[in-house]
Every structure is written in structure tokens, then in C-alpha cells.
Amino acid sequence: MTVLAPDDTAFAALSDKIPDLGCSSDCLSDDELSNIILGHVIDGSVLASALSNGMEATTLAGTKLTVDLSDGVKFCSQYGGSCATVSAADVMASNGVIH
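Here goes a summary of the coordinates provided. (Residues numbered from 1 in each chain as written. Predicted model: local features only at pLDDT ≥ 70, side-chain atom pairs only at ≥ 80, totals over all residues. Heavy atoms only, no water.)

### Concerning the overall build of the chain
Within the chain, the regular secondary structure consists of two helices and eight strands. When the elements of the chain are put in sequence order from the N terminus, they spell out β-α-α-β-β-β-β-β-β-β. Expressed as a percentage of the 99 residues in the chain, the buried residues total 21%. Restricting to contacts in the chain with at least 6 residues of sequence separation, those with at least 24 account for 37%. (Helix = DSSP H or I, 4+ residues; strand = E, 2+ residues; numbered from the N terminus. Buried < 20%, exposed > 50% of the residue type's maximum accessible area, 1.4 Å probe, protein only. Contact = heavy atoms within 4.5 Å.)

### Here's the deal with the nonpolar core
Core analysis: the largest hydrophobic core is formed by nine residues, namely Leu4, Ile42, Val46, Leu51, Ala57, Leu65, Val67, Phe75 and Val86. In this structure, Leu51 is in contact with Val46, Val67, Leu69, Val73 and Phe75, ignoring residues within four places of it in sequence. (Core = buried A, V, L, I, M, F, W, Y, C linked by side-chain atoms within 4.5 Å.)

### Some remarks on the sheet that holds strand S7 (residues 91–93)
Strands sit in the order S2-S1-S8-S7 across an open sheet of four strands; the sheet is mixed. Both edges of this open sheet fall to strand S2 (41–42) and S7, since each of them pairs with a single strand only. One ladder, built from three bridges, connects S7 with strand S8 (residues 96–98); its direction is antiparallel. Counted as the bridge partner of Val91 is Ile98 from S8. (Pairing = 2+ DSSP bridges.)

### Some words on the state of the cysteines
What the rule picks out here adds up to one disulfide. Bridging Cys76 to Cys83, the disulfide has an S-S length of 2.0 Å. Measuring the twist about the S-S bond at about 105°, one finds the Cys76-Cys83 disulfide to be right-handed. For Cys76, a relative accessible area of 12% corresponds to the buried category. Judged by its relative accessible area of 41%, Cys83 is partly exposed. (Disulfide = S-S within 2.5 Å.)

As C-alpha cells, this is what we get:
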């Protein structure tokens, strides 16, 4: 497994948006929360050295991500084109890798 772990800034951005959604932090259904989590997991271990610019990977939620190596390592979503920069790559775990 490859896990794209959000940092504190990403969680803060999400919690900042929750009031805009008109609900408290428990407003997400189990399915929505599961989809968010699975959207950060790629089947198989993908090391940073194996990435190439424009490479595509599909998350367990079915979201297609595109690798952008133009300024560091970024994973960009097919939805809205938002990109997340990898701040720590290739953190090895017993069952895969974390970025």
C-alpha cells in the first residue's frame, strides 16, 4: 500500500471549511469519510524514485491522481486539479510506504 498522509495544514484547511458546510465535525457520513480515506491510498508500494512526471495512479476510491514533478513532488487530483505537495517521501512501513 501507498498512503498519501495529509499533514496538519490539510486537516486545518478541512476543519476551516466544515462551518461553511453548515455542520459540525461529525457531519460526514461513514461512506463519505471512507471515501476520503480511500482517496489517499494507492494499491501497491510506490516509491518516489519510481515516479515520473505525468504518471497516473488510481486510489482505492477510484480517484485518478497525476504526478507533477515540476516543483518538488505533487499529486494532483482529477477533481478540480487541486495538488498536494509531498513533504516527506518514502517513509517505509511494514506493509507499504507513506508519503
